[in-house]
Amino acid sequence: MQLTIEQFRLSQELDQLGSISEAPPPVVTRVVFTDADVRGREFVKSLCREAGLSIRDDPAGNTSARWQGSDPGLAPVGTGSHIDAIPNAGRFDGTVGVLGGLEAIRALQRAGFRPKRSIELVIFTSEEPTRFGIGCLGSRLLSGLLDPSAGESLKDRDGISLNQARASAGFTGSLATVALPRGYYSAFAELHIEQGPLLEQRQVPLGVVTAIAAPASLKIQIEGEGGHAGAVLMPGRHDAFLAAAEIALAVESAALSTGSIDTVGTVGVCDVFPGAVNSIPSRVRIEVDVRDIDQPRRDAVLRQIAEACDKTAAKRHVKIHSEMVNADPPAQCDPIVVNALVQACETHKIRFERMISRAYHDSLFMSRIAPTAMLFVPSRGGVSHRPDEYSSPEAIAQGVLVLAEALSRLSS
Ligand code: GLV
Ligand code: MN
Ligand code: MN
């Protein structure tokens with residue numbers, strides 16, 4: 001089989017999708033169920049239709065585009081990723097796995113390959129936690145790990161529920177029907193940019209992912225006492241922002257205290273009320289993200305953060321309410337899918353390294369219902385979640401080539 005990747009076309013498609021954004025180029029902001037997200041989905045679906053794939057949307061807005069195999073009764077092989085993007089993001093996070101997955105299918109079609117198992121390209125809803133505070137919404141629902149009542153209980157900052165938001169984007173029906181049975185996919189392989197510096201530093205063209213780190217996130221509400229920034233004297237204050245600042249520093253020291261480079265803690269959201277320069281903050285909401293490849297160590301960090309919240313509440317006489325949004329276990333990739341990727345690298349004489357993923361991905365959840373692994377392409381400077389995120393067309397094409405080869409093995 002002669003596989004050729006249309007690298008120029010794929011690059012153009014990535015650029016076109018990147019231009020569908022709520023912000024001017026090169027900034028990509030494509031938050032789930034916004035107009036940009038809906039237009040991005042339409043763009044990808046039109047390309048899938050051109051490739052002869054049959055498209056199905058589920059009530060959560062996950063889309064699968066199916067290339068029918070010669071034995072449609074067999075469990076399909078899945079590939080894909082997400083197209084939603086955090087505010088001020090770049091063009092490649094998620095989209096490389098979606099448009100690259102599509103190009104892998106087209107390359108197999110051009111080579112005259114006919115899969116025995118169907119191959120499904122999946123576009124997952126809201127891998128990013130931007131709008132509803134929890135990542136991998138679509139794949140959590142697909143894997144049955146998120147209760148369908150989340151449709152009502154998850155709300156965005158404007159109070160719009162997940163059910164209202166998905167309906168406004170045209171996705172209706174019960175979320176209870178989204179979960180797929182274990183074994184629905186015979187295998188799942190996700191292509192993604194590395195989002196870190198290792199492949200570039202080591203000058204290795206591809207990474208075969210063998211495990212995905214365990215993420216957890218917390219929403220912490222702090223209620224203090226507001227007042228006039230001039231008139232209320234320092235000793236009498238219960239400043240909610242200062243309490244939040246103390247907790248943020250505690251997140252940093254808890255993450256550092258493990259002594260492991262694999263533990264990371266971040267406070268990426270801080271909403272201050274009322275947000276006026278001459279007013280003492282009375283309410284603050286922060287969101288905390290903690291990850292590790294070792295779950296017990298990650299959980300110990302979460303306990304330290306909880307203790308810091310108690311101490312700060314007592315010391316500053318503020319009320320602190322902390323809610324664990326998710327605390328997911330790490331995923332081990334499946335040796336059969338890892339081997340298919342490794343053999344595909346070897347067939348095409350492309351060097352690779354086995355590595356772990358420190359970012360989370362929809363594969364974290366797909367691994368609960370299907371044998372799953374991932375393939376990484378290098379990210380320039382290790383940069384991601386920024387407009388200057390970049391992976392070269394050549395690097396992406398190598399990833400697509402290996403993905404196509406692995407899909408052919410897994411679907412034969
Ligand atoms: C995914 O985008 C992550 O935050 O790891
Ligand atoms: Mn991301
Ligand atoms: Mn991603």
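Residues numbered from 1 in each chain as written. Chains lettered and ligands numbered in written order. Predicted model: local features only at pLDDT ≥ 70, side-chain atom pairs only at ≥ 80, totals over all residues. Heavy atoms only, no water.

A. Summary view of the overall build of the chain. When helices and strands are counted, the chain shows twelve helices and 17 strands. For 412 residues, the compact-globule estimate of 2.2 N^0.38 gives 22 Å, and the C-alpha radius of gyration of the chain, at 22 Å, lies within 12% of that figure. In terms of overall dimensions, the chain has C-alpha extents of about 75 × 45 × 40 Å along its principal axes. Of all 412 residues assigned to the chain, the portion counted as buried reaches 56%. (Helix = DSSP H or I, 4+ residues; strand = E, 2+ residues; numbered from the N terminus. Rg over C-alpha atoms; globule rule 2.2 N^0.38 Å. Buried < 20%, exposed > 50% of the residue type's maximum accessible area, 1.4 Å probe, protein only.)

B. Expanded view of the site of ligand 1. Around ligand 1, the neighbouring residues are E127, E128, R291, A359, Y360 and H385. Taking R291, its side chain carries an N or O atom lying 2.6 Å from an oxygen atom of ligand 1. One of the backbone nitrogen or oxygen atoms of Y360 is found 2.8 Å away from an oxygen atom of ligand 1. Grouping the constituent residues of the shell around ligand 1 by class yields two nonpolar, one polar and three charged. (Near = heavy atom within 4 Å. Polar contact = N/O pair within 3.5 Å; in protein donor to acceptor, adjacent residues only side chain to side chain. Nonpolar A, V, L, I, M, F, W, Y, C, P; charged D, E, K, R; others polar.)

C. Expanded view of the coordination of the manganese ion (ligand 2). Taken together, D93 (OD), E128 (OE) and H385 (NE2) make up the full set of protein donors to the manganese ion (ligand 2), lying 2.0 to 2.1 Å away. Every donor residue of the manganese ion (ligand 2) comes from the same chain, spaced as D-x34-E-x256-H. In this model, the manganese ion (ligand 2) sits 3.7 Å from the manganese ion (ligand 3), the two metals being bridged by D93. With D93 in the loop between β5 (85-89) and α3 (95-110) and H385 in the loop between β17 (372-377) and α12 (393-411), this residue pair connects regions lying 292 residues apart in the sequence. By relative accessible area, D93 is classed as buried at 7%. With relative accessibility at 36%, the residue H385 sits in the partly exposed group. (Donors = N, O, S within 2.8 Å, 3.2 Å for Na, K, Ca; no water.)

D. Quick look at the packing of helix α8 (residues 240-257) against helix α9 (residues 295-316). Contact geometry of α8 with α9 gives a least axis separation of 9 Å together with a crossing angle of 150°. Regarding the angle of α8 to α9, the classification is roughly antiparallel. Where α8 crosses over α9, the two elements pack in a sense that is right-handed. Together, L242, A243, E246, I247, A250, V251, A254, A255 and S257 of α8 and V301, Q304, I305, A308, C309, T312, K315 and R316 of α9 make up the contact between the two elements. Here the residues of the contact of α8 with α9 sort into eleven nonpolar, three polar and three charged. (Axes fitted to C-alpha atoms, helices over the stretch in contact; angles between N-to-C directions. Parallel < 35°, antiparallel > 145°, perpendicular 65-115°, else oblique. Left-handed = near helix turned anticlockwise from the far one by under 90°. Contact = heavy atoms within 4.5 Å.)

E. Representation of the nonpolar core. Ranked by internal contacts, the top residues of the largest apolar core, which has 69 residues, are V44, L53, L108, I396 and V402. At ten residues, α12 tops the list of elements feeding residues into this core. In terms of nonpolar packing, the next biggest core, distinct from the first, is built from 26 residues, I134, L146, L175 and V325 among them. (Core = buried A, V, L, I, M, F, W, Y, C linked by side-chain atoms within 4.5 Å.)

F. Molecular detail of the sheet that holds strand β9 (residues 214-223). One open sheet holds the four strands; their spatial order is β11-β13-β9-β14, and the pairing between them is antiparallel. Both edges of this open sheet fall to β11 (264-273) and β14 (319-327), since each of them pairs with a single strand only. For this sheet, the mean angle separating the axes of adjacent strands, direction not counted, is 15°. Lying over the sheet, α8 contacts β9, β11, β13 (283-292) and β14, oriented at roughly 175° with respect to β11. (Pairing = 2+ DSSP bridges.)

G. Structural view of the packing of aromatic side chains. What the rule picks out here adds up to six aromatic pairs. Both rings, one in Y184 and one in Y185, keep their centres 4.7 Å apart while their planes meet at 90°; by these two values the pair is edge-to-face. Chaining the aromatic ring pairs together yields one cluster made of F124, Y184, Y185 and F188. Residue placement shows R283 over the ring face of F273; its charged tip is 4.0 Å from the ring centre. (Phe/Tyr/Trp six-rings, centres within 6.5 Å; stacked < 30°, edge-to-face > 60°. Lys NZ or Arg CZ within 6 Å of the ring centre and 35° of its normal.)

H. Region of interest: unusual backbone geometry. The amide bond that connects P25 to the next residue, P26, takes the cis arrangement and shows omega of 10°. With a phi angle near 65°, N88 is a residue other than glycine that sits in the positive phi range. Among the secondary structure elements, N88 is positioned in strand β5. Even without glycine at this site, K349 takes up a positive phi of about 55°. You can see K349 is positioned in the loop between α10 (335-347) and β16 (352-357). What makes K349 exposed here is its relative accessible area of 74%.

I. Representation of a nonpolar patch on the surface. On the surface, F241, L242 and V272 cluster together to form a nonpolar patch covering roughly 210 Å² of accessible area. Of note, L242 is situated in helix α8. (Patch = residues over 30% accessible without salt bridge, like charges linked within 9 Å, V, L, I, M, F, W, Y side chains within 5 Å. Areas by Shrake-Rupley, 256 points an atom, 1.4 Å probe, with all protein chains shown as cover. Salt bridge = Lys/Arg side-chain N within 4 Å of Asp/Glu carboxyl O.)

J. Fine view of the environment of E152. Its place among the elements puts E152 in helix α5 (residues 150-153). Contacts of E152, omitting those with residues within four sequence positions, involve S161 and N163. A polar contact of 3.0 Å, which involves the side chain of E152, links it to the side chain of N163.

K. Region of the structure containing α3. Under the 1.5 Å per step criterion, the end-to-end length of α3 is 22 Å for 16 residues, consistent within 8% with the ideal 22 Å. Burial within α3 is extensive, with 14 of its 16 residues counted as buried. One or two positions beyond α3, positive phi appears at G112, with a value near 80°. (Expected span 1.5 Å × (residues − 1).)

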